[in-house]
Amino acid sequence: MSTSLAVRLFGAFEVVADGTPVVLPRQRKACELLAWLAVHPGQHARSRLAARFWPDVLDASARASLRSAIWTLRGALGPAQAWLQADRERVELRADGLTVDLRVFDELVAAGKLAEAERLRRGDVLHLFDSDWAFELRAEYDDKFAALLDKLAQDGDPDYAHRARRLRVRFDMPPDAVPAVPEHDLVGRGKEIAVIRRCWDAARAGAGTVVAITGDGGIGKTRLAEEVLAIAGADGARAAGGAGPTVPFGVWLEALRALADDPLPDAWWPQALSGLLPAAAPGRVAPGHHLDRVRVFEAVVSLLAWACRSGPVAIVLEDLHLADSSSLELLAYAGRRATRLPILLVVTRRRLPPRPDVDRVCATLRASGALGVEVDLAPLPRESVQSLAHATAPLSAGQAEEVVAVASGSPLLAVELARALAGGADAAEGLRSATRWATGRLHGPARVFVELAAVAGRDLQRAEVAVLPGLADPVQAAAEALGSGLLRERDGTIGFRHALLADAVAADLPDPLRSRRHGTIAAALRRAPMDAPRRAAEIARHLRLAGHDEQAVTHLVKAAASARSVCALVEAADLLTEVAEIDPHDPDTFVELAEVEAWRGLLGESDAAFDQALELIAPLDRGALVSAWLRRGRWLRGGLCIPRECRRSYASALDVLDRDPDADPPARIEALAGMAWAEAVTGSAAAAEELLVAVDALTDRKPLGDLLTHDVSVARAHILLRTSRFADSYAPLIAAAAAANRAGRPDLAFPSLLNAASAAACLGAFDRALDFIDRSMPLAAPNGLLRLGVYAHSARVSVLCRLGRVGEAAASCDQGAVLAERLSLSDLVGLVHHDRATIARTTGDWERAADELAAAIEMNAPVGRALTRLYRADALARAGRPADAEAELRAVTQEPVSPADFPDTLVARMSAVQGLIAARRADPELARRRLSEAIRGWQHRAAYTGQGYVAALIDLGRPPLTALVEPDRELAAVTADLRSIDADVR
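Residues numbered from 1 in each chain as written. Predicted model: local features only at pLDDT ≥ 70, side-chain atom pairs only at ≥ 80, totals over all residues. Heavy atoms only, no water.

Per an unreviewed UniProt entry, the protein chain is named Tetratricopeptide (TPR) repeat protein, and its organism is Kibdelosporangium banguiense.

Moving on to unusual backbone geometry. Trans peptide bonds make up the majority, and among non-glycine residues the majority have a negative phi. Of the consecutive residues L352 and P353, the connecting peptide bond is found in the cis state with omega at 0°. Tracing the sequence through the fold places P353 in the loop between β11 (343–349) and α14 (356–367). Of note, S724 is a non-glycine position whose phi angle comes to about 65°, a positive value. Summarising the element assignment, S724 is placed in the loop between α33 (706–722) and α34 (730–742). (Helix = DSSP H or I, 4+ residues; strand = E, 2+ residues; numbered from the N terminus.)

Our focus in this paragraph is the side chain of D747. You can see D747 is positioned in helix α35 (residues 746–762). Its relative accessible area of 13% is what places D747 among the buried residues. (Buried < 20%, exposed > 50% of the residue type's maximum accessible area, 1.4 Å probe, protein only.)

So, about the packing of helix α29 (residues 622–637) against helix α30 (residues 643–657). At a minimum axis distance of 8 Å, the contact between α29 and α30 shows a crossing angle of 160°. In terms of their interaxial angle, α29 and α30 are classed as roughly antiparallel. Considering only the axes of α29 and α30, their crossing is left-handed. The residues of α30 that touch α29, namely those facing R622, L625, V626, W629, L630, R632, G633, R634, L636 and R637, are E645, C646, R648, S649, Y650, S652, A653, V656 and L657. (Axes fitted to C-alpha atoms, helices over the stretch in contact; angles between N-to-C directions. Parallel < 35°, antiparallel > 145°, perpendicular 65-115°, else oblique. Left-handed = near helix turned anticlockwise from the far one by under 90°. Contact = heavy atoms within 4.5 Å.)

Summarising burial for strand β8 (residues 209–214): six of the six residues are buried, a large majority. Burial along β8 is two-sided: the residues T209, V211 and I213 and V210, A212 and T214 are all buried. Direction of pairing for β8 relative to β11: parallel, over a ladder of six bridges. By the bridge assignment, V210 is partnered in β11 with L345. As defined by bridge partners, β8 adjoins strand β12 (residues 371–376) across five bridges and the pair is classed as parallel. Bridged to V210 within β12 is L371. (Pairing = 2+ DSSP bridges.)

Read across the sheet, three strands follow the order β13-β15-β14 without closing on themselves; strand pairing throughout is antiparallel. The sheet is open, and its two borders are formed by β13 (460–461) and β14 (487–490), each paired with just one other strand. Note: β13 against strand β15 (residues 493–496), two bridges, orientation antiparallel. Among the inter-strand pairings, Q461 is bridged to a residue of β15, identified as T493. On the sheet, helix α19 (residues 444–456) packs against β13, β14 and β15 and is oriented at approximately 85° with respect to β15.

This paragraph deals with helix α16 (residues 397–407). For α16, the set of buried residues is A400, V403, V404 and A407. For α16, the angular spread of the buried residues around the axis is 95°, confining them to a single face. Along α16, the residues that are exposed and aim more than 90 degrees away from the buried face are G398 and A405. Buried residues in α16 make contact with α15 (382–392) and α17 (411–422). (Arc of directions from axis to C-beta.)

Take the pairing of β15 next. In regular strands, side chains alternate between the two faces of the sheet. Across four bridges, β14 lies against β15 in antiparallel orientation. Directly across from E489, in β15, lies its bridge partner I494. Count of turn residues in the β14/β15 antiparallel hairpin: two residues, of which D491 carries a positive phi of about 50°.

Here we come to the sheet that holds strand β1 (residues 5–8). In spatial order, the strands read β3-β2-β1-β7; together these four strands make up an open sheet with mixed pairing. If you trace the sheet from one side to the other, it starts and ends with β3 (20–21) and β7 (98–100), each paired once. Sheet strands touched by helix α4 (residues 101–110): β1 and β7. Its angle to β7, the strand with the most contacts, is close to 70°.

In structure tokens:
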């Protein structure tokens, strides 16, 4: 056993046992946990440690991750593992024989041994760790070390004083220290302004529209957009806009923040926006990946409508050529809805580089009629460039001609060249000449400020400027930098007047200097008291450009979690892939990536990432294995609904848990409940019953948490549904819905009530079914879950038609159509067509039924395709179109048959349609024969079975209420057709 343990936190994190360096594990969280315990002596509750280091996962998963980290650390410490003490409740790093360099530093300073303390510092504290606590600790010891250097400097060594200043620089910039940069009047764009002004007038009248401004860089897109905002502001409207950071929905953030400056109402949508606008919706819970992405989009549209409550709104979204995919998807969604609001939405983009996804969004808006005007900015004419140049600086005729020749119609280049030429510069290199001339006139600190602003990639907030390291007199530096004309101050931010100016300055920096500037910006962003999760991706980008990949990992992980919180799964996957490339040895990264890819529907990629995670988890690390398998079970059970793979995941978790039967009861309960559900829907109902008995034994029938109560209740209900005990399933389904509601999960409560409605319909209790559907309605569209709202209306149409209440069915169908149109998803529009066909079949409008069913098939409505074609063949035959009906029957044979088609009914249905076709062709003998075959088929078909119900449920991904089979009713209909033929013959 080791007798001493030394933990070194200055510089690279190191642990030394009895003089021998410990090979630390590759898992970042495990190392971070050990460092934190070294800094914080004493015992710490496991629950608090789990919540601190794994805040974004369920409690059970966090506890399992903590167990895994402790197990990993003990293995790495080897003979020194006795210092890491842990029981079921608490964890600590034993104090006796433990040396921590930070404590030694404090002791040396207190004892006045300053030179020894100064030599102890090997570098920044935990310089490869970038969690909030590590950063705060680093800042604390920077201040302590600066104070130590000040004391040493009193002995007359100026180097100590210089080093202290570099550590201590902090500054505040008062608003009056920022000089204004004058703007020129808009030159040469009168025609474009007139066109956009007409769009604005229409928007003020309630006919909102989108205006797209396209042009080369520096051609005047931003200036034109600013003029639009100025016009709207002069008319008393709310105006918002600007370019955003490189985060999900970044293009929208500045505008949304401006619109949400008032207290938001008590409604569902501020909660859904809390991931995007935490300051505007404090205390509200952000949506997770389990909720429909469209819910976030619908919440933004609700915010836009709320912002219009007192008048029209103008919004500018700049630089679509740089936009993330989430911003573009939101533009396509919100842009279509803007036509019903008093909103003018102006977007700008460059022609190059090509962005096919931006082209698709514009095409979508154009096709929907939302894109009212497309302004293509051409270069300014010669006389406008001359006018602009003379308005900028006193130029000779020759200099003005030089500006015209070099600017090539670009107003930005005309202004900058005019300024440079008037100052004696050479305009040969165009914009770079102008920026070199402007920066060359700056003193050291001001030039540093300009270089930092150039690499920042956006305007800097005052709080960020206030913590920029390395500037001894920030007020003087900022004032001189702003006076250069390259920068401007706007709404409390400081940045370049145009992105091309920033690009030119940054391109002139030597690579090593540019890297250092990126590192400085990253440090400022970490220190600034702003929205940390939303800044994480930006910090990571600067760290990587500074060459600090390992430090970037923590921020990339935070950025991925932030992206998931607003359902930006593409961006989350990209960020996690970046993490995996930097650190390919952390299994947590691959588990997270596997879940994100699964929710994106990329199951192959998900399985590959999960397999990689399993390879990285040590075989004896039971906690990590259980946590990974449980997470996989959850995501396969959720919106994906793949019960067989879900069953394998829970079974694997139980296999690991069985190695230590007394370990982690909460994890075992979760695994048993999940396994019971999987068995109920795809395995053995008896086995599912046994699993629930085991759950009861473990919990001693004590109350469970809401989500676990939901899981257990759903499992019980599916056992009952599968065994055709439909009435008995009501109680557990109602309990499941109530528990999900208490947990704030309307997406889980809804299917429980819709399953109850389907169970009632299986029993012929259609009034009860309608009651369950109506109880589910407030859980769907009012919570932004529009897809579920379409499903609810579809179910309602089926039940109301069955009850003969066709007028109410038509009204409900129209409401579902509104939701489907808002989503603009072809499969849901197809489902609405299927519902209209149901109404037409009920009223005997066979031509309309055939047309609606054709549209449903073409749009890939989420229904059984073979069964839908049979419905259409039936409608065509009854409409007197036997040839078309026969062609549709042939098409039926080409469709893959799934459980949603209820395969055991297809032969009887086909025989009935063949009989109708024969009757229309005046062949009564064949008609009788085919209809008699159909009658025998329906006579042998038993009442509705739970086995078929559950199979159709899994196939459709929702309760199969719209396609339930009623053998007695079908038998009566075919018998009536046969009697009608007999009557005609007689």
